[in-house]
Amino acid sequence: MREWDLSEYAAMWTTERDRWELHRVGDAYLPTTKGDRPMVHLICDDALADEVTMRMLRAGVTVVDES
């Protein structure tokens, strides 16, 4: 398993957790900022995106089902 420096993303499931939600689209989750103009945060490395998503889910970040 690869190790990443997650410090760039850690606020998404810690200090700024309430500013984020995960939009479920099919089998994927898209980390999205909340607000009047929500913005998706794309992570181009699939394995890294899975790790960030898993940590957000474990922390209880809200999931919005887009299906």
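These numbers come from a predicted model, not from an experiment.

A.B. asks: Which parts of the structure should I look at to understand the sheet that holds strand 2 (residues 28-33)?
C.D. replies: Backbone hydrogen bonds are what pair the strands of a sheet, in a parallel or an antiparallel way. The three strands are arranged 2-1-3 in an open sheet whose pairing can be described as mixed. Of all the strands in the sheet, the pair left with one neighbour each is strand 2 and strand 3 (62-65). For this sheet the average axis-to-axis angle between neighbouring strands, irrespective of direction, equals 30°. Of the strand pairs in this sheet, strand 1 (residues 20-25) and strand 3 are connected by four bridges, and their pairing is parallel. Each bridged residue has a counterpart across the sheet, and for R24 the counterpart in strand 3 is D65. The strands touched by helix 1 (residues 46-58) are strand 1, strand 2 and strand 3; relative to strand 1, the strand with the most contacts, the crossing angle is about 115°.

A.B. asks: Could you clarify how one ought to interpret the pairing of strand 1 in this entry?
C.D. replies: Every other side chain in a regular strand lies on the same face of the sheet, so the side chains alternate between the two faces. Bridge count for strand 1 against strand 2 is six bridges, and the pairing is antiparallel. Each bridged residue has a counterpart across the sheet, and for V25 the counterpart in strand 2 is A28. If you look at the hairpin formed by strand 1 and strand 2, you'll find two residues sitting between the two strands, and G26 has a positive phi there, around 65°.

A.B. asks: Can you walk me through the environment of E21 in this structure?
C.D. replies: Along the chain, the position of E21 falls in strand 1. Along the primary structure E21 and T32 are separated by eleven residues, whereas in three dimensions their C-alpha atoms are 5.4 Å apart. If near-sequence neighbours (up to four positions away) are discounted, E21 is found in contact with L30, P31, T32, K34, V61, T62 and V64. Reaching out from E21, the side chain makes a polar contact with the side chain of H23 at a distance of 2.9 Å.

A.B. asks: How should I be thinking about helix 1 in this particular structure?
C.D. replies: Think of an α-helix as turning once every 3.6 residues; residues three or four places apart then point the same way. Look at helix 1: 18 Å from first C-alpha to last across 13 residues, which is about the 18 Å you get at 1.5 Å a residue. Among the residues of helix 1, L48, A49, E51, V52, T53 and M56 are the ones counted as buried. Of the surrounding secondary structure, the elements contacted by the buried residues of helix 1 are strand 1 and strand 2. N-cap assignment for helix 1: the residue whose side-chain oxygen lies 3.0 Å from the backbone N of A47 is D45. One or two steps after helix 1, the chain reaches G60, where phi turns positive at roughly 85°.

Reading guide: rules and limits
The residue numbers shown here count from 1 along each chain, following its written sequence. With the structure being a predicted model, the display of local features is reserved for residues of pLDDT at least 70 and the display and counting of side-chain atom pairs for 80 or more, all residues being used for whole-chain, interface and lining totals. As a rule here, side-chain values cover all heavy atoms of the structure and leave hydrogens and water aside. Strand pairing is assigned whenever DSSP identifies at least 2 bridges connecting the two strands. Numbered from the N terminus, helices here are DSSP runs of H or I no shorter than four residues, and strands are runs of E no shorter than two. Only the stretch in contact is used when a helix axis is fitted, and all axes are lines through C-alpha atoms; the angle between N-to-C directions ranges over 0 to 180 degrees. The contact criterion used throughout is that any non-hydrogen atoms of two residues lie within 4.5 Å. Think of a polar contact as two N or O atoms within 3.5 Å of one another; within protein, one of them needs to be a possible hydrogen donor and the other a possible acceptor, and neighboring residues in sequence only count if both atoms come from side chains. A helix's residues, less one, multiplied by 1.5 Å, set its expected span. Working definition: with a 1.4 Å probe on protein chains only, accessible area under 20% of the residue-type maximum means buried, over 50% means exposed, and in between means partly exposed.

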